[in-house]
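For reference, the chains in residue letters:
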Amino acid sequence: MTEIRICHLYPKEMNIYGDRGNIAVLQKRLEWRGYSASITSVGIGDEFNPNNFDICYLGGGQDRDQMLVAHDLGKKSAAFLSAAKDGVVFLWVCGGIQLAGVGYTNSDGNRISGVGILDLDTSAGSSRLIGDLVLDAEIEGDNCRVVGYENHAGRTFLGPDATPLGSVVKGHGNNDTDKTEGAIQRRVVGTYMHGPLLPKNPWLADKLLSWAIEHNTGETPTLSSLDNSLENLAQQVAISRAGMKR
Ligand code: GLN
């Protein structure tokens, strides 16, 4: 049985709004298709070996949480960059997208260096961007509506090497000005969407899993279809809660 290897980065420090639920979705959608999934927590002081993983997941965190991991993150940045260049899949959420970039200047004016796996930079604004978020996402020419919840002070602007995960239909997104949300570069995905994100967005979950299986086996898989009726219903409820018709 093919085992897909998931790294859960800083699970103690970076996990708000139930973001760790994304790990459960990745694991179950692999197992429902006959794969196994290993989940390894990598915390402060632990080694991140880029050869040991197919997916690296980082949840969101408040400014204080991000400061807690900042020093250790810097020590791991070369390994993250090597993994990203090798096609490891990254899903880094909210505080995570900020730390995936060049850096984050937080609400107190403290600068936290990012690891540079996404071409973007973030500075905190004077207000928080909070609420339901609906976007039209595009990955490799494939489009789908994606929903989530955002709560961040950071305003993120993408550089030329990163493309948005999608365009904002409802909500604030990266910076509340250019209607972009998230970022993709190689197989690195950053997003502001909490929720957790993946239970209501099976399309996105399967994109990430397809990449991860390809990284592990060297071949692009044909994923068997799953009954997504509950997931789609949850997405519909979220879209209507955002004050939109599906
Ligand atoms: N601390 C960051 C900000 O306020 C990220 C917050 C989060 O992860 N929800 O922008």
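Quick look at the structure, then. Please read these numbers as outputs of a predicted model, since none were measured by experiment.

1. Structural notes on empty space enclosed by the protein
Enumeration over the complete set of coordinates arrives at one cavity of 30 Å³ or more. Empty space within the largest cavity amounts to approximately 70 Å³. Taken together, 14 residues form the lining of the largest cavity, with G61, Q62, D63, R128 and H152 sitting closest to its centre. In terms of residue count, strand β8 (residues 142-158) provides more of the lining of the largest cavity than any other element does, four residues in total.

2. A closer look at helix α4 (residues 202-217)
The end-to-end C-alpha separation of α4 is 22 Å, in line with the 22 Å expected for 16 residues at 1.5 Å each. In terms of burial, α4 is largely enclosed, as 13 of its 16 residues are buried. G218, located one to two residues past α4, shows a positive phi value of around 85°.

3. Quick notes on the pairing of strand β7 (residues 120-139)
Bridge analysis of strand β5 (residues 103-105) against β7 gives two bridges, and the strand direction is parallel. Among the inter-strand pairings, T105 is bridged to a residue of β7, identified as S123. With four bridges connecting them, β7 and strand β9 (residues 166-170) associate as antiparallel partners. By the bridge assignment for β9, D136 is matched with S167.

4. With respect to the site of the ligand
Close to the ligand lie 16 residues; D63, Q66, C94, Q98 and G154 are nearest. With respect to the ligand, the side chain of H194 contributes an N or O atom lying 3.0 Å from a nitrogen atom. For the ligand, the protein covers 100% of the area, taking 300 Å² as the surface of the free molecule. With respect to the pocket detection grid, the ligand is positioned in the largest cavity. Every element with two or more residues in the shell around the ligand is listed here: α2 (63-85), α3 (95-100) and β8. Among the elements that make up the shell around the ligand, the one with the highest residue count is β8 (four residues). For the shell around the ligand, the residue count by class is four nonpolar, ten polar and two charged.

5. Observations regarding the pattern of salt bridges
Under the defined criterion, the tally for this structure stands at 13 salt bridges. One salt bridge in this structure joins R241 and D132, with 2.8 Å as the shortest N-O distance. Of this pair, R241 sits in helix α5 (residues 229-241) while D132 sits in strand β7, and the two are 109 residues apart along the sequence. Linking E140 and R187 is a salt bridge whose minimum nitrogen-to-oxygen distance equals 3.8 Å. In this pair, E140 sits in the loop between β7 and β8 while R187 sits in the loop between β11 (183-185) and β12 (188-191), placing the two residues 47 residues apart along the sequence. When its relative accessible area of 59% is taken as the criterion, E140 is described as exposed. Among the ionic contacts, a cluster of salt bridges with common partners joins R29, R33, D206 and E231.

Cut-off values and rules
In this convention, every chain numbers its residues from 1, walking through the sequence in written order. Local features in this predicted model are restricted to residues of pLDDT 70 or higher, and side-chain atom pairs are both shown and tallied only at a pLDDT of 80 or more, whereas totals for entire chains, interfaces and linings draw on every residue. Here the side-chain values reflect all heavy atoms present in the structure, with hydrogen atoms and water set aside. Cavities and pockets were defined on a 1 Å grid built from protein atoms only: a cavity is a group of points that admits a 1.4 Å probe but offers it no way out, a pocket is an open group of points flanked by protein on both sides within 12 Å along at least five of seven lines, and a lining residue is one with an atom within 4 Å of any such point. Grid points are joined across faces, edges and corners, and a volume is the space filled by probe spheres set on the points. Helix and strand labels come from DSSP, where a helix needs a run of H or I of at least four residues and a strand needs a run of E of at least two; each type is numbered from the N terminus. Helix span, expected: 1.5 Å multiplied by one less than the number of residues in the helix. Each residue is assigned to one of three classes by its accessible area relative to the maximum for its type, calculated with a 1.4 Å probe on protein chains only: buried under 20%, partly exposed between the two thresholds, exposed over 50%. Two strands pair if DSSP finds at least two bridges between them. By convention in this text, a residue qualifies as near a molecule or strand provided that one of its non-hydrogen atoms is within 4 Å of it. Under the rule applied, a polar contact is a pair of N or O atoms within 3.5 Å (in protein, one hydrogen donor and one hydrogen acceptor; residues adjacent in sequence only if both atoms are side-chain atoms). Using a 1.4 Å probe, the Shrake-Rupley method yields the accessible areas, and only the shown protein chains count as cover for residues. Assignment of a molecule to a cavity or pocket requires that more than half of its atoms lie within 2 Å of the corresponding grid points. Ten residues, namely Ala, Val, Leu, Ile, Met, Phe, Trp, Tyr, Cys and Pro, are considered nonpolar, four, namely Asp, Glu, Lys and Arg, are considered charged, and the remaining ones, Gly among them, are considered polar. The rule for a salt bridge is simple: a side-chain nitrogen of Lys or Arg has to be within 4 Å of a carboxyl oxygen of Asp or Glu.

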